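# Close look at the chain arrangement
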Amino acid sequence: METKDIMEGDYLNVKLVNESPSKRCLIIGAGSKVDKEFEGRKSKRVELPVEIDGKEKTWSMNRTTLENMSVLGTDTIKWLGTFVSLKVETIKGKDCVVGTPVKQPFEFRARDGE
């Protein structure tokens, strides 16, 4: 039995991004608001499903990424199908995944009657 997937976890994280050959992910579903608690501090996060290098993960976005994504609007359903460039940045002394939407090379639009 292969245990790499189990050890890797279900969430997009710093290690996964550092080891990623593509350094980008694809948003494959709408987000949801989630209440989180870490070291006694409560916060609300946006979590959404993404695909990175053929693996499906959940991304718990930080505020910096949410600000970057806001150029696409504030409704996460509008982010569906967007590629996001990923990098690791140190924020308040902690390594974090930061994403920036990538401009799509073209937008497919069906012609009338198709």
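What counts and how
Residues numbered from 1 in each chain as written. Predicted model: local features only at pLDDT ≥ 70, side-chain atom pairs only at ≥ 80, totals over all residues. Heavy atoms only, no water. Salt bridge = Lys/Arg side-chain N within 4 Å of Asp/Glu carboxyl O. Helix = DSSP H or I, 4+ residues; strand = E, 2+ residues; numbered from the N terminus. Buried < 20%, exposed > 50% of the residue type's maximum accessible area, 1.4 Å probe, protein only. Core = buried A, V, L, I, M, F, W, Y, C linked by side-chain atoms within 4.5 Å. Pairing = 2+ DSSP bridges. Contact = heavy atoms within 4.5 Å. Polar contact = N/O pair within 3.5 Å; in protein donor to acceptor, adjacent residues only side chain to side chain.

By the definition in use, this model includes 4 salt bridges. The partner of K15 in a salt bridge is E19, with the nearest N and O atoms 4.0 Å apart. One end of the pair, K15, and the other, E19, are both in helix α2 (residues 14-19), 4 residues apart, so they sit about a helical turn from each other. Each member of the pair, K15 as well as E19, carries the same accessibility label: exposed. Its salt-bridge partner being K44, residue D35 comes within 2.9 Å of it at the nearest N-O pair. There is no split in this pair, since D35 and K44 are both exposed.

Attention now goes to the nonpolar core. Formed by 16 residues in total, the largest nonpolar core has its most connected members in L12, C25, I27, L48, W59, V84 and L86. Ranked by residues supplied to this core, first place goes to strand β3 (residues 41-52) with 4 residues.

Now for the pairing of strand β6 (residues 94-101). Alignment of strand β5 (residues 83-91) against β6, held across 8 bridges, turns out to be antiparallel. If you follow L86 over to β6, its bridge partner there is G99. Hairpin geometry of β5 and β6 is characterised by an intervening segment of 2 residues between the two adjacent antiparallel strands and by a positive phi of about 50° at K92.

Moving on, we get to unusual backbone geometry. Although it is not a glycine, D53 sits at a positive phi angle of roughly 50°. Of note in this structure, K92 is not a glycine but carries a positive phi near 50°. On the secondary structure map, K92 appears in the loop between β5 and β6.

So, about the side chain of T76. Its location among the elements puts T76 in the loop between α3 (63-69) and β5. Setting aside anything within four residues of it in sequence, one finds T76 in contact with A30, G31, V46 and L48.

Looking now at the side chain of K57. You can see K57 is positioned in strand β4 (residues 55-61). Residues contacting K57, with those up to four places away along its chain left out, are E8, G9, D10, Y11, L12, L16, L48, P49, V50 and I52.

Residue placement: K23 occurs in the loop between α2 and β1 (24-27). The spacing of K23 and V88 is 65 residues in sequence and 9.7 Å in space, taken between C-alpha atoms. Leave out the neighbours within four places in its chain, and K23 touches V17, N18, V84, S85 and L86. One polar contact links the side chain of K23 to the main-chain carbonyl oxygen of V17, over a distance of 3.0 Å.

Moving on, we get to the pairing of β4. Pairing of β3 with β4, which is carried by 7 bridges, proceeds in the antiparallel orientation. Note that in β4 the partner of E47 across the bridge is S60. Adjacent in sequence and paired antiparallel, β3 and β4 are bridged by 2 residues, among which D53 carries a positive phi angle near 50°.

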